[in-house]
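Summary of the model geometry
Okay, here's what each chain looks like letter by letter:
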Amino acid sequence: MSRPTALRAAMGRLVTLSLGCLLALSPSVGIAQAHSAGPLAEADPLLVHIDKISPVLPRRGNVKISGTVTNLSDDTFTRINLHAFASATPIIDATALAASAAVDPNEFVGERVTEPGTFDTVDILEPGDTATFSDSVPVDLFGILDQPGIYWIGIHAFGDGAVERDQVADGRARTFIPLLPRNDPPRRSRKQEAAVIIALRGRVSYDEDGRVGGADRWARWLQDEGRLGASLDIAESAGSTPYSWLVDPAILLALLRLSDGNPPRSLAADPSVPGQESTDEPKPVDSLTDGMQALLPRAPATAMKTTKGDRALAEAASSWLGRFLDMTLDSTVLSLPYGDLDVSAAARHSPQRYAEASARSAKVMAEMGLVAQPALAPESGAVSPEALEMADSDAVIVLSDSAFASPPKTAHSVVRVLGHKIVVTSTGAESGGPGPTPSEDPLALRQRLLSEAAIRLIARDTAPIVVTVPNPWPPGGAASFFAGLDQPWLDVVSVTDLAERSAAGVSADALTYSDTDEKAEIDVRIFEAADRAAERAVLLEDVLTRQTMVESQTLDEVLVTLSQQLRRRPRLALRMTDLVTDSLQSELDKVRVEGVAVTLSGESGEFGATVINGLREPVTVRLEATTDADLTLGGPVERRLGPGSRSVVRFEASTKQRGIHTVRLAVTTVDGTPTGSVAEVPLRAAQVSALIWIILAGSALVLLGALGFRLPRQIRVRRAEQAASAAAAAAESSSDADSDDKATRAATDAKQENA
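Procedures and definitions
- Every chain is numbered independently, its residues counted from 1 as its sequence is written.
- Two thresholds apply to this predicted model, a pLDDT of at least 70 for residue-level local features and 80 or more for giving and counting side-chain atom pairs, whereas whole-chain, interface and lining totals are computed over all residues.
- Side-chain measures were taken over the full set of non-hydrogen atoms in the model, leaving aside hydrogen atoms and water.
- A pair of aromatic rings is counted whenever rings of Phe, Tyr or Trp (Trp by its six-membered ring) have centres within 6.5 Å, and the orientation is called stacked for planes under 30 degrees apart, edge-to-face for over 60 and tilted otherwise.
- Put simply, DSSP marks the helices as runs of H or I at least four residues long and the strands as runs of E at least two long, and each gets a number from the N terminus on.
- Per-residue accessibility, obtained with a 1.4 Å probe over protein chains only, is compared with the maximum for each type, and a residue is labelled buried under 20%, exposed over 50%, and partly exposed between these values.
- Put simply, a charge is over a ring when the Lys NZ or the Arg CZ is close to the ring centre, within 6 Å, and near the line of the ring normal, within 35 degrees.
- The working definition used for a salt bridge is a side-chain nitrogen of Lys or Arg within 4 Å of a carboxyl oxygen of Asp or Glu.
- We treat two strands as partners when DSSP finds at least two bridges between them.
- Here a residue-residue contact requires only that any non-hydrogen atoms of the pair lie within 4.5 Å.
- The span expected for a helix works out to 1.5 Å for each residue beyond the first.
- Definition of a polar contact: a pair of N or O atoms within 3.5 Å, with one able to donate and the other able to accept a hydrogen when the atoms are protein atoms, and with sequence-neighbouring residues admitted only if both atoms are side-chain atoms.
- Counted as positive: Lys and Arg. Counted as negative: Asp and Glu. His and the chain ends are not counted at all.
- To define axes, lines are fitted to C-alpha atoms, for helices over the stretch in contact only, and angles between the resulting N-to-C directions are given on a 0 to 180 degree scale.
- Residues enter a nonpolar core if they are buried and are Ala, Val, Leu, Ile, Met, Phe, Trp, Tyr or Cys, with the set joined through side-chain atoms within 4.5 Å.
- Patch membership needs two things, relative accessible area over 30% and no salt bridge, and members are linked within 9 Å if like-charged or within 5 Å if nonpolar (Val, Leu, Ile, Met, Phe, Trp, Tyr).
- For every accessible area listed, the method is Shrake-Rupley and the probe measures 1.4 Å; residues are considered covered only by the protein chains on display.
- One atom stands in for each charge, and that atom is NZ of Lys, CZ of Arg, CG of Asp or CD of Glu.
- If an angle is under 35 degrees, it is roughly parallel; if it is over 145, roughly antiparallel; if it lies from 65 to 115, roughly perpendicular; otherwise it is oblique.
- The handedness criterion is simple: a crossing whose near helix is rotated anticlockwise from the far helix by less than a right angle is left-handed, and one whose near helix is rotated clockwise is right-handed.
- All amino acids are sorted into three groups, where Ala, Val, Leu, Ile, Met, Phe, Trp, Tyr, Cys and Pro are nonpolar, Asp, Glu, Lys and Arg are charged, and the leftover types, Gly among them, are polar.

Looking now at the packing of aromatic side chains. Counted according to the given criterion, the structure contains seven aromatic pairs. Taking the centre distance of 5.2 Å and the plane angle of 75° together, the rings of Trp245 and Phe324 count as edge-to-face. In this pair, Trp245 is assigned in strand 10 (residues 244–247) and Phe324 in helix 7 (residues 308–327), connecting sequence segments 79 residues apart. Here Trp245 matches Phe324 in class, with each residue buried. Here a set of aromatic residues connected by ring pairs shows up, and it is made of Tyr243, Trp245, Trp320, Phe324, Phe481 and Phe482. The ring centre of Trp221 lies 5.3 Å from the NZ or CZ of Arg217, which sits over that ring. Stacked on the ring of Trp221, the Lys or Arg Arg227 has its end atom at 4.7 Å from the ring centre.

With that settled, consider the environment of Arg616. Structurally, Arg616 can be placed in the loop between strand 21 (604–613) and strand 22 (619–626). Sequence separation between Arg616 and Ser645 is 29 residues; the distance between their C-alpha atoms is 9.4 Å.

Following the criterion strictly, the structure yields 24 salt bridges and no others. In this structure, Arg501 and Glu193 form a salt bridge, with 2.6 Å as the shortest nitrogen-oxygen distance. In this pair, Arg501 is assigned in the loop between helix 14 (495–499) and strand 18 (504–505) and Glu193 in strand 9 (residues 192–200), connecting sequence segments 308 residues apart. Look at Arg501 and you get partly exposed, because its relative accessible area is 22%. With a closest N to O distance of 2.9 Å, Arg323 and Glu236 form a salt bridge. Highlighted residues: Arg323 in helix 7 and Glu236 in helix 4 (residues 227–237), separated in sequence by 87 residues. A relative accessible area of 45% means that Glu236 is categorised as partly exposed. Each member of the salt-bridge network shares a partner with another, and the members are Arg59, Asp146 and Arg182.

Across a regular strand the side chains alternate sides, sitting on one face of the sheet and then on the other. With burial as the criterion, only one face of strand 6 (residues 130–138) is covered, namely that bearing Ala131, Phe133, Asp135 and Val137; the residues Thr130, Thr132, Ser134, Ser136 and Pro138 on the opposite face remain uncovered. One ladder, built from nine bridges, connects strand 2 (residues 62–71) with strand 6; its direction is antiparallel. Each residue of the ladder has a partner; that of Ile65, found in strand 6, is Asp135.

Mapped onto the elements of the fold, Gln276 is located in the loop between helix 5 (249–259) and helix 6 (290–295). Along the primary structure Gln276 and Gln547 are separated by 271 residues, whereas in three dimensions their C-alpha atoms are 8.2 Å apart. Setting aside residues up to four positions removed in sequence, Gln276 forms contacts with Ala269, Asp270, Pro271, Arg546 and Gln547.

Here helix 12 (residues 442–458) contains 17 residues, and its C-alpha end-to-end distance of 24 Å stays within 8% of the 24 Å for a straight helix at 1.5 Å per residue. The buried count for helix 12 comes to 16 of 17 residues, which makes it a mostly enclosed element. Capping the start of helix 12 is the job of one residue whose side-chain oxygen sits 3.1 Å from the backbone nitrogen of Leu443: Asp441. Downstream of helix 12 by one or two residues, Arg460 has phi in the positive range, about 60°.

Within the secondary structure layout, Glu541 lies in helix 16 (residues 524–543). Here Glu541 sits buried without a salt bridge, and the closest side chain of opposite charge, Arg546, lies 9.4 Å off (N-O distance). When sequence neighbours within four positions are dropped, the list of residues in contact with Glu541 reads Arg546, Gln547, Thr548, Met549, Val550 and Glu551.

So, on to the sheet that holds strand 6. As summarised here, the arrangement of the three strands in space is 1-2-6, forming an open sheet in which the pairing is antiparallel. In this open sheet, the two strands that pair with only one neighbour each are strand 1 (46–53) and strand 6. Between one strand axis and the next, the sheet turns through 25° on average, direction left out of account.

Another point: the nonpolar core. With 147 residues, the main nonpolar core has Trp218, Trp245, Leu255, Trp320, Phe324, Phe481 and Leu665 as its most contacted residues. Excluding residues within four positions of it along the chain, Leu255 makes contact with Trp218, Leu222, Leu228, Ala317, Trp320 and Leu321.

On the surface, a cluster of negative charge is made up of Asp207, Glu208, Asp578 and Asp582. Structurally, Asp578 can be placed in helix 18 (residues 570–588).

Here the focus is the packing of helix 16 against helix 17 (residues 550–559). Two elements in contact, helix 16 and helix 17, have axes whose closest approach is 9 Å; the angle formed by their N-to-C orientations is 170°. The angle between helix 16 and helix 17 places the two elements in the roughly antiparallel class. You can see that helix 16 and helix 17 cross each other, and the crossing is right-handed. Between helix 16 and helix 17, the contacting residues are Ala530, Ala533, Ala537, Val538, Leu540 and Glu541 on the first element and Val550, Glu551, Thr554 and Val558 on the second. Grouping the constituent residues of the contact of helix 16 with helix 17 by class yields seven nonpolar, one polar and two charged.

With that settled, the discussion passes to helix 4. With eight of eleven residues buried, helix 4 is to be regarded as a mostly interior element. Residues of helix 4 that are buried include every one of Arg227, Leu228, Gly229, Ala230, Ser231, Leu232, Ile234 and Ala235, and no others. Positioned one or two residues after helix 4, Gly239 has a phi angle of 60°, which is positive.

Another aspect to go through is the side chain of Asn81. Along the chain, Asn81 turns up in strand 3 (residues 77–86). With a relative accessible area of 15%, Asn81 lands in the buried category.

This next bit is on unusual backbone geometry. Along the chain, Gly435 connects to Pro436 via a cis peptide bond; the corresponding omega equals 5°. Summarising the element assignment, Pro436 is placed in the loop between helix 11 (427–430) and helix 12. Even without being a glycine, Ser413 presents a positive backbone phi close to 60°. One can find Ser413 in the loop between strand 13 (396–400) and strand 14 (414–417). Taking relative accessible area as the criterion, Ser413 reaches 4% and is therefore assigned buried. In the Ramachandran plot, Arg460 falls in the positive-phi region, its phi being about 60° despite a non-glycine side chain.

Shown next as structure tokens:
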């Protein structure tokens, strides 16, 4: 090595040593800062990514680094040299390692190697193009001190572009790499242990009709580099290395429904209930077991219209499920409360939801043929003491070391709090590597895990390193994660094995659950909205004559709205819950009542109403009529109606108060709970009162009295007139004398009689 080169190396070692000491002695730099290194002030024109690297620094031989370089600028770059660099002094504890991960990417951390043959060159790179590189550097050229610990290592890219080549890198990538003591292994009898958890969790939603929502999102997730596809890739890359699945059964059930064509919510009779078997049920899917079939709603054929996109999604979901079930055939799966329930919020607002979510998870996993153990693993890593007390006694509880006031010191990374065993994960290992590479990059995570494990091994700390890999997993590189964990000094075990080991007792006061944690929980309004939706489902089940799956289907739809996946989207959670409630109420409203105005002609009488069943399933309901206290009505009437049928119901009404009375007709369940369908009918009481009858009788008597007084007199006058006429006629036909005398006498007699 030339003198200038040696001088630069010495200066680099001094700067690196000073930086390491500063980080190690700075208590203000916390572990939580390590998760994100923050963006560069000005983005590098070249993006460098390390795809492969030697997992551990060898004592002799070469360090191999390979990856890609991408031109992000609008300029063409030529003669791009990719030089490896490393720090000269080690990081020797977890606190300093966490602080180092947060250091600005532009900070100097190590001298690059420029000797010919140790770097790769890309001749030309057009804007937007990507090229590969591969370096192989003798470990002696890094100038690393022979001291165990964790070292920086990475790549600097220099090229000719719009700006003349200088000593400032045009692109960079870096990570950590451990150096073990000379006698580790194989002479050490003890290996450092680590456990890896692959989590399957994410937002699940349902449409208004009960179908699984977000088809486009599921299609993306199922792609090879999507949330679900990448999870299977990383698991397959593990080979024989142990790992543990942490699964939200709501995701598995959603995929099962998608593979079956995504049927809607069904009101059809549950065929598993004795006596309700039907030959009209859709033909079962051959690839599904009887248990899986039992989890699916049996929708009418008319509701199962599918498109080409639906069929493609069904095939992708079916293929993913097949791969997953094959992987988990002989392993234990940790099962989250259904829907990834926000357990801390449930403990505060609605404890029964935790019991429902746990029971639903157990049923789904059992019906899918999976060996599952209940688990409680908040995504934030922290849980409230109330939630911990509520947890199932056999649940595997996974919390991060940041959930405690200080990381607990244990032999097996297992503690006991409030009677529950807790597996403690490493926040540092989960936070990934330094920038500018994304902290959750698979290789960055692997190197951070190896580094954290090496620090414990060097410090003779026996506690295993437990990590949960991120979900979603970044595109590409999944295979590199497990490939580097096959180390002679590292033993990878399953989380379930750790959970069975002895636990160190820790006081509940050691748990930290702040006001900020509480404010982040699912709001009580969403739990209240979920209750309303569940109540509608119970009513609908009570109205339907045959036993259905509507309550269990609705529970699936409701629990996912209480998921911690929706903590930051409360409006969406409320909207999802209200969709369920409105949809169920619209079904209930199809069973309705109609009535017409009625007039009673007496003190009592009948009036009728019509109950209509607009559903495709038979229902059994009651019709209740209520009104004011002046009108007496008959009791409620129960009716059983077939699909699409109607029935006339008659009530007996009586009153002594004339006028208009409003009768309220309500459809209820058999036990009298209103379903929401109401009709108001005006009823007129028009009967004649006793006073009117008295007036009419008096008027009749007056009329009869007047007739009795006037009628005899009129008869006598009529008779006198008739007699006078007869006498006059007789006088005209007699003799002169006799006639005159007779006529005179007759006239006189008539006048006297008349007087």
